[in-house]
Amino acid sequence: MAEDQESPIRPEFPIGRVKKIMKLDKDINKINSEALHLITYSTELFLHFLAEKSAVVAVEKKRKTVSLDHLRTAVKRHQPTSDFLLDSLPLPSQPVRHTKTASDKKAPPPPPVGTRRIDDFFSKGKAKVADSA
């Protein structure tokens, strides 16, 4: 008789994280455990669906890796998904073609805006010591 009883199916996504995401909505105060499981399973099914459709597009374009463009094409082909998801996907970026020269390889990339290199910090300290002497 123990063989007849099936063990409960566990979702692949962590239920606690799904609950935290759901609680980000200010209109949601309490979440029923059955509703939480249902939303977790439906999210898994939806992502499996998107992955399969994106893989089909990648195979059609003779690619081995699924890219954002393949995902966008899969979403565009499925009208219900396209209605709500297409606006949320990032726009495809234009590839920048830059030929590297010998000078590009030697120069370090510039630091982010608002930051300084540590070399500048120490060189300014040495200048202060030299000025005081």
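Residues numbered from 1 in each chain as written. Predicted model: local features only at pLDDT ≥ 70, side-chain atom pairs only at ≥ 80, totals over all residues. Heavy atoms only, no water.

Another point: the overall build of the protein. Helix and strand content of the protein: six helices and zero strands. Here the protein holds 133 residues, and the buried ones make up 15% of them. Sequence separation of at least 24 residues holds for 30% of the intrachain contacts in the protein that already meet a minimum separation of 6. If you sum the accessible surface of the protein, you get close to 12,000 Å²; carbon and sulfur atoms cover 58% of it. (Helix = DSSP H or I, 4+ residues; strand = E, 2+ residues; numbered from the N terminus. Buried < 20%, exposed > 50% of the residue type's maximum accessible area, 1.4 Å probe, protein only. Contact = heavy atoms within 4.5 Å. Areas by Shrake-Rupley, 256 points an atom, 1.4 Å probe, with all protein chains shown as cover.)

On to the nonpolar core. Membership of the largest hydrophobic core is limited to five residues, which are L50, V75, L85, L86 and L89. Setting aside residues no more than four positions away along its own chain, L86 makes contact with R72, V75, K76 and T81. (Core = buried A, V, L, I, M, F, W, Y, C linked by side-chain atoms within 4.5 Å.)

The next thing to look at is the pattern of salt bridges. One pass over the structure, following the stated rule, counts one salt bridge. E60 serves as the salt-bridge partner of R77, at 2.9 Å between the closest nitrogen and oxygen. Placement of the pair is R77 in helix α3 (residues 68–77) and E60 in helix α2 (residues 33–60), with a sequence separation of 17 residues. A residue is classified by how much of its surface remains accessible, and R77, at 52% relative accessible area, is exposed. (Salt bridge = Lys/Arg side-chain N within 4 Å of Asp/Glu carboxyl O.)

Once that is clear, we can look at unusual backbone geometry. With phi around 60°, K62 is a residue other than glycine that occupies positive phi space. Within the element layout of this structure, K62 appears in the loop between α2 and α3. Take K62: its relative accessible area is 73%, and that puts it in the exposed class.

Going through the model one piece at a time under the given rule, you end up with one aromatic pair. A ring pair is formed by F46 and F84, whose centres lie 5.9 Å apart and whose planes are at 35°; its orientation type is tilted. Taken together, the residues F46 in helix α2 and F84 in helix α4 (residues 79–85) connect sequence positions 38 residues apart. (Phe/Tyr/Trp six-rings, centres within 6.5 Å; stacked < 30°, edge-to-face > 60°.)

Here we come to the confidence of the model for the protein. Close reading of the predicted structure is inappropriate where its pLDDT is low. Scored by pLDDT, the protein comes out at a mean of 78, with 66% of its residues at no less than 70. When mean pLDDT is taken per element in the protein, α2 scores highest with 93 and helix α6 (residues 118–132) scores lowest with 56. (pLDDT = per-residue confidence, 0-100.)

What follows covers the packing of helix α1 (residues 15–23) against α2. Pairs of packed helices are described in terms of their axes, by the angle between the two and the distance that separates them. Relative orientation of the contacting elements α1 and α2 amounts to 100°, with a least axis distance of 10 Å. Classed by the angle they form, the pair α1 and α2 counts as roughly perpendicular. On the side of α1, the interface is formed by I15, V18, K19 and M22, while α2 contributes L36, H37, I39 and T40. The class makeup of the residues in the contact of α1 with α2 is five nonpolar, two polar and one charged. (Axes fitted to C-alpha atoms, helices over the stretch in contact; angles between N-to-C directions. Parallel < 35°, antiparallel > 145°, perpendicular 65-115°, else oblique. Nonpolar A, V, L, I, M, F, W, Y, C, P; charged D, E, K, R; others polar.)

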